[in-house]
Amino acid sequence: MEGIFPYIGTVLIMVGIYALFALGLNVQWGFAGLINIGHVAFMAIGAYTMAILNLQGVPLALSILIGLALAGGVGALLTLPAIRLKADYLAILTVGFSEIVRYVALNEGWLTGGAQGLFGFDIPLGGVVPAEQYNLFLLGFVWVTVLIAFILLQRLAKSPWGRVLKSIREDEDVARVLGKNVSRYKMQAFLLGSVLASLAGMMLAFYHQYLGPGYYYPMETFYAWIIVILGGSANNLGTLLGALLLWGFLSGTRFLSPLVPLSAYTFSALRMILVGLLLIVLMLYRPQGVLGKKKELTF
Amino acid sequence: MNNGCDIAGPALSVQDVTKTFGALRAVDSCCLDVTAGVIAGLIGPNGAGKTTLFNIMSGLLAPDSGKIFMNGQEVTHLPAHKRAGLGVGRTFQISRSLRKLQVLDNLKLAAQSQLGERIQNVWFQPGAVRKQERMIEEKAMEVLRFLNLYELKDEYAGNLSGGQKKLLEIGRMLMLEPELILMDEPLAGVNPALGEEINAHLRALKGKGLTMLVIEHNVKHVMTVCDVVYVMNQGKIIAQGAPEAIRNDERVIEAYLGAR
Amino acid sequence: MVNYVLSGITLGCIIALGAIGLTLAYGVLRFANFSHGDTLAAGAYIGLFISRVSGNLFLGAVGAIIGAALIGLGLEKVVWRPLRGKGASPIAMLITAIGVAILLRHVVMAIAGPTLQFYDVRARMFFLGDIMISSVQIIIIATAVAVMLVFAYILQRTKLGKAMRATSDEPALAKVSGIDVNRVITWVWLIGTGLAGLGGFLYGLQTALRPDMGFHLLFGMFAASILGGIGNPYGAMLGGIIIGLAQDLSLMVIPSQYKIAVGFVIMIIVLVVRPRGILGKAV
């Protein structure tokens, strides 16, 4: 029994990281209706920036801040073409962008460590918290961050800002003739989402004490999408729930793997088949997810 | 009867505006001047280009050439959302109430200069935001009471009847407090009783000093409410003047008959 | 350089075959099908299996085409049509397609296993002066061109083809003028995914199959469709060849790992400068 609790702890850390990641996507999709299928790019941008700077000697706190700022900046820049493009084109553009980021990370070894990735960067309070307790500390660190993000986002959701975004999602022209600068709101939403994604990326790096291009496949973005839709688009609490459910499923089934008479590879493929099926079934029969409201659906 | 192309100080001045879509000249060198404080009507057969002209005037569409002035200021290339700040309101032909927002929220949205629409205020000045929200909500409820929609305030706008949605559009204008309103068929699809009510609202708005340009198909309403009428056909303004004069104008009659 | 041209055209033919289905789905259904790449991959694997079992490559090709077409048809009946029936928006379809992509890819993984798979092909090399051509390239280009010509014939001369073009250009009008839109849609899927399956098979003739190959090719296919004018199958064919050529010719100037970025860059330029692409109608 002793082994279970630390394991649950690590699962919860991952739930928290994905919750943060998906909360960022929820701002972009749920609030602003932007189709971002390249969300993982910002995880990469944040984590790599932090690690590269820190490995060059920049203090960790500053590295983190610069990483967040860079991710936000790139996100804001990406909205310039984004707001002009139709949703499907934006989807292709964003996923192409995230793949290019991954390619750069993979190939520009002089900057990013290439396929081997980066390690040896500082972790928050790394010198202070003893190694055996570190995961516990990180669990708290991640979840406090998630909580703060959640509260801030909830405030936004219920605020006039949130109201404007709801109107933009439904009918941009009406928002415009009522005096709302639609492009600026979309940019803000995208920026916010990118910053959250980059924060999640950094947390992931702190957890593994390593980062590499293999962490930034499009599948990660797909996970975020499934989490957001499962929980209920535009519903922050739903996003947290979705993260718990999805990651709970993925971790829980990993537990089962040795008990099942299939190779690990096949079993893991089977799990993913269920994940794909989950998304399909959700979209067909319950697009509003667990906590979403059907009448507020904007699909 | 002048040509309408004066560079005066009217509330709204449209000068030589043209818009082409491929082979179609939707708006053809249009000139329009609406003096402050009047209700002007814009009539014409279907497909004459009225809504396109409206889209250009409200900034949702850019003209190929020509200029637009509002209260003396050139707004031709001003983005739509900035025109609201100048005091321009716009309603839509098929009412575009935000169906997934509640009625009260629909109205609150229209208030201008909301502190709470800025992220930093939401997070760092919650008290000020709350205070302003309360004021906006009070005003919105007043407007709802005035329009007899108060009981529906928490209803999703998508559940309203057609006539109620039209009233909602007017309600948004009341919240916006514009000086100039572009109204695209405010009476379309509305029963006669409600139509009278809406007309009364329009007259009341005029009484407050607002200027209105109204697209309308219902000739009777146009005659009773409008001070001056413009007639548009195939993208051009073919006639303008007082309602009775227009009603008897041969070109106008021909335009409507020809369009059938 | 000529070798790059050749390999580029070969790749371009494969992309073109896939892009046709993608652009048709967009034109007729207004749907950006993110699962098209994985359908292509599934077809490739089915073709592999059949060619191994039967010992005959030609049968493998037929298997790839039919297999992919059946997948496309099955998805239409089980997923796309019900979704459309519920009034799902194109975005909802896009997101669902991602789910389908995940599903398809992992079914392939579960069945085929993790190792790379190869078709049993022995390429013969020919030399024309300095130019080296492999028999595989000849087969790919010849097959693709022949199939595209047949498809063009269908589009231009048959009732079905005309119905497809009409539905893509003016869906409301098509319905009103008596075209059985559901039948057109069925054929769009059969032909579109069938061609993709063929493309996957041809791809497999010269490259090892991996379960994630679909996603990689998907970029090229989207780029080709957008470049050629989304909704226009001729545009997809043209765009495919251009993208393939550009990707391989770019190897002369940039490191090979960034080959995929070329398609992406072209796509961005098109979206910014001329969103309707080469043959598309004005948006």
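Not measured: the values here are computed from a predicted model. (Residues numbered from 1 in each chain as written. Chains lettered and ligands numbered in written order. Predicted model: local features only at pLDDT ≥ 70, side-chain atom pairs only at ≥ 80, totals over all residues.)

(A) Geometry of the overall build of chain B. Broken down by element type, chain B carries 10 helices and 10 strands. For chain B, whose C-alpha radius of gyration is 19 Å, the value lies close to the compact-globule estimate of 18 Å for 260 residues. Taken along its principal axes, the extent of the C-alpha atoms in chain B is 60 × 40 × 35 Å. When each of the 260 residues of chain B is scored for burial, the buried share is 46%. Once local pairs closer than 6 in sequence are excluded, the contacts in chain B between residues at least 24 apart make up 66%. (Helix = DSSP H or I, 4+ residues; strand = E, 2+ residues; numbered from the N terminus. Rg over C-alpha atoms; globule rule 2.2 N^0.38 Å. Buried ≥ 20, exposed ≤ 12 C-beta atoms within 10 Å, placed from the backbone. Contact = placed C-beta atoms within 7 Å.)

(B) Structural view of the overall build of chain C. Counting its secondary structure elements, chain C contains 11 helices and two strands. Taken from N to C terminus, the helices and strands of chain C fall in the order α-α-α-α-β-β-α-α-α-α-α-α-α. Principal axes of the C-alpha set define a box for chain C whose edges measure 55 × 45 × 35 Å. When each of the 283 residues of chain C is scored for burial, the buried share is 54%. At a minimum sequence separation of 6, the contacts of chain C that also span at least 24 residues come to 77%.

(C) Region of the structure containing unusual backbone geometry. We note that Leu-125 of chain A has phi near 55 degrees; this positive angle belongs to a residue other than glycine. Checked against the element boundaries, Leu-125 of chain A lands in the loop between β1 (118–119) and α6 (134–157).

(D) Quick look at the sheet that holds strand β9 (residues 228–233) of chain B. Residue and element names in this part refer to chain B. In space, the six strands of this open sheet follow the order β6-β7-β8-β3-β9-β10, with mixed pairing throughout. Edge positions in the open sheet fall to β6 (88–91) and β10 (236–241), since each of these has one partner strand only. Averaged over all neighbouring strand pairs, the angle between strand axes comes to 15 degrees, with direction disregarded. In the sheet, β6 pairs with strand β7 (residues 180–184) via four bridges, with the strands oriented parallel. If you follow Gly-89 over to β7, its bridge partner there is Ile-181. (Pairing = 2+ DSSP bridges. Axes fitted to C-alpha atoms, helices over the stretch in contact; angles between N-to-C directions.)

(E) Region of the structure containing the nonpolar core. Counting 274 residues, the largest nonpolar core has Leu-20 of chain A together with Ala-16 of chain C as the members making the most contacts within it. Sort the elements by how many residues they give to this core and helix α9 (residues 182–208) of chain A lands first, with 18 residues. When we break this core down by domain, the ones giving at least three residues each are domain 1 (12–97 + 176–259) and domain 2 (98–159) of chain B. Each residue touching Leu-20 of chain A, except ones within four places of it in the same chain, is listed here: Thr-145, Val-146, Ala-149, Leu-196, Leu-199, Ala-200 and Met-203 of chain A. (Core = buried A, V, L, I, M, F, W, Y, C linked by C-beta atoms within 7 Å. Domains from an automatic or database assignment.)

(F) Representation of the domain arrangement of chain B in the model. Residues and elements named next belong to chain B. Along its sequence, chain B is carved into domain 1 (12–97 + 176–259) and domain 2 (98–159). Computed over C-alpha atoms, the centres of domain 1 and domain 2 are 28 Å apart. Taken together, the contacts link four residues of domain 1 with six residues of domain 2. Looking at the side of domain 1 that touches domain 2 residue by residue, the classes come out as two nonpolar, two polar and no charged. (Nonpolar A, V, L, I, M, F, W, Y, C, P; charged D, E, K, R; others polar.)

(G) Main features of helix α7 (residues 192–207) of chain B. All names here are of chain B. Its 16 residues give α7 an end-to-end C-alpha distance of 22 Å, which sits within 8% of 22 Å, the value for a rise of 1.5 Å per residue. Listed in full, the buried residues belonging to α7 are Ile-198, Leu-202 and Leu-205. Viewed end-on, α7 has its buried residues packed into an arc of 60 degrees, placing them on one side of the element. Facing away from the buried side of α7 by over 90 degrees, the exposed positions are Pro-192, Ala-193, Ala-200, Ala-204 and Gly-207. (Expected span 1.5 Å × (residues − 1). Arc of directions from axis to C-beta.)

(H) Just the packing of helix α3 (residues 57–85) of chain C against helix α8 (residues 181–206) of chain C, in detail. All names here are of chain C. Across the interface, α3 lies against α8 with an axial gap of 7 Å and an inter-helix angle of 140 degrees. Put simply, α3 runs oblique to α8. Between α3 and α8 the crossing geometry is right-handed. Between α3 and α8, the residues in contact are Gly-60, Ala-61, Ala-64, Ile-65, Gly-67, Ala-68, Ala-69, Ile-71, Gly-72, Leu-73 and Glu-76 and Ile-185, Thr-186, Trp-189, Leu-190, Gly-192, Thr-193, Gly-194, Ala-196, Gly-197, Leu-198, Gly-200 and Phe-201, respectively. Grouping the constituent residues of the contact of α3 with α8 by class yields 13 nonpolar, nine polar and one charged. (Parallel < 35°, antiparallel > 145°, perpendicular 65-115°, else oblique. Left-handed = near helix turned anticlockwise from the far one by under 90°.)

(I) Looking closely at the interface of chain C and chain A. The interface is formed by 33 residues belonging to chain C together with 31 residues belonging to chain A. For the side of chain C that touches chain A, the secondary-structure elements that each account for two or more residues are α3, α4 (90–112), α9 (213–228) and α11 (259–273) of chain C. Taken together, the residues of the side of chain C that touches chain A sort by class into 27 nonpolar, six polar and no charged.

(J) Quick look at α3 of chain C. If you check α3 of chain C, its first and last C-alpha atoms are 40 Å apart, about what 29 residues at 1.5 Å a residue would give, namely 42 Å. Of the residues one or two after α3 of chain C, Gly-87 of chain C is the one with positive phi, at around 75 degrees.

(K) Inspection of the confidence of the model for chain C at higher detail. Residue and element names in this part refer to chain C. Of the residues in chain C, 99% have a pLDDT of 70 or more, and the chain-wide mean is 88. Taken element by element, the predicted model of chain C shows its lowest mean pLDDT in strand β1 (residues 125–128) (74) and its highest in α4 (94). What the predictor reports for the complex is a pTM of 0.90 with an ipTM of 0.91. (pLDDT = per-residue confidence, 0-100.)

(L) Representation of the sheet that holds strand β5 (residues 73–74) of chain B within the structure. Residue and element names in this part refer to chain B. Spatial strand order, β2-β1-β4-β5: four strands in an open sheet with antiparallel pairing. At either margin of the open sheet sits one strand with a lone partner, and together these are β2 (24–34) and β5. In the sheet, strand β4 (residues 65–70) pairs with β5 via two bridges, with the strands oriented antiparallel. When the bridges of β5 are listed, Phe-69 appears paired with Glu-74. Sheet contacts for helix α1 (residues 50–58): β1 (12–21), β2 and β4; angle to β2, the most-contacted strand, approximately 60 degrees.

(M) Region of the structure containing the packing of helix α10 (residues 218–231) of chain A against helix α11 (residues 236–256) of chain A. Residues and elements named next belong to chain A. Viewed as axis vectors pointing N to C, α10 and α11 meet at an angle of 120 degrees, and their least axial separation amounts to 7 Å. In terms of their interaxial angle, α10 and α11 are classed as oblique. Of the two elements, α10 crosses α11, and the hand of that crossing is right-handed. Between α10, through Tyr-223, Ile-226, Ile-227, Val-228, Leu-230 and Gly-231, and α11, the contact on the second element is made entirely by Gly-238, Thr-239, Leu-241, Gly-242, Ala-243, Leu-245 and Leu-246. Classifying every residue of the contact of α10 with α11 gives nine nonpolar, four polar and no charged.

(N) Structural detail: the pairing of β2 of chain B. All names here are of chain B. Judged from the seven bridges that link them, β1 and β2 form a sheet pairing that is antiparallel. Pairing of Val-14 across the sheet is with Leu-32, part of β2. Connecting β1 to the next strand, β2, in antiparallel fashion are two residues, including Gly-22 with a positive phi near 65 degrees.

(O) Quick look at the environment of Gln-114 of chain B. Relative to the helices and strands, Gln-114 of chain B is located in the loop between α3 (103–109) and α4 (119–124). As for Gln-114 of chain B and Val-38 of chain B, which are separated by 76 residues in sequence, their C-alpha atoms are 30 Å apart. In contact with Gln-114 of chain B, other than residues within four places in its own chain, are Pro-160 of chain A together with Gln-132 and Ile-136 of chain B.

(P) Geometry of the environment of Trp-247 of chain A. Residues and elements named next belong to chain A. Turning to its location among the elements, Trp-247 is positioned in helix α11. Its 21 C-beta neighbours within 10 Å are what place Trp-247 among the buried residues. Expressed as a C-alpha distance, the spacing of Trp-247 and Val-146, which sit 101 residues apart in the sequence, is 15 Å. Setting aside anything within four residues of it in sequence, one finds Trp-247 in contact with Val-11, Met-14, Val-15 and Tyr-18.

(Q) Expanded view of the confidence of the model for chain B. All names here are of chain B. Across chain B, the average pLDDT comes to 85, with 95% of residues at or above 70. Ranking the helices and strands of chain B by mean pLDDT puts helix α5 (residues 126–146) first, with 93, and helix α10 (residues 250–259) last, with 72. For residues 1–8, every residue scores under 50 in pLDDT, and the model assigns this stretch 12 contacts once sequence neighbours within four places are set aside.

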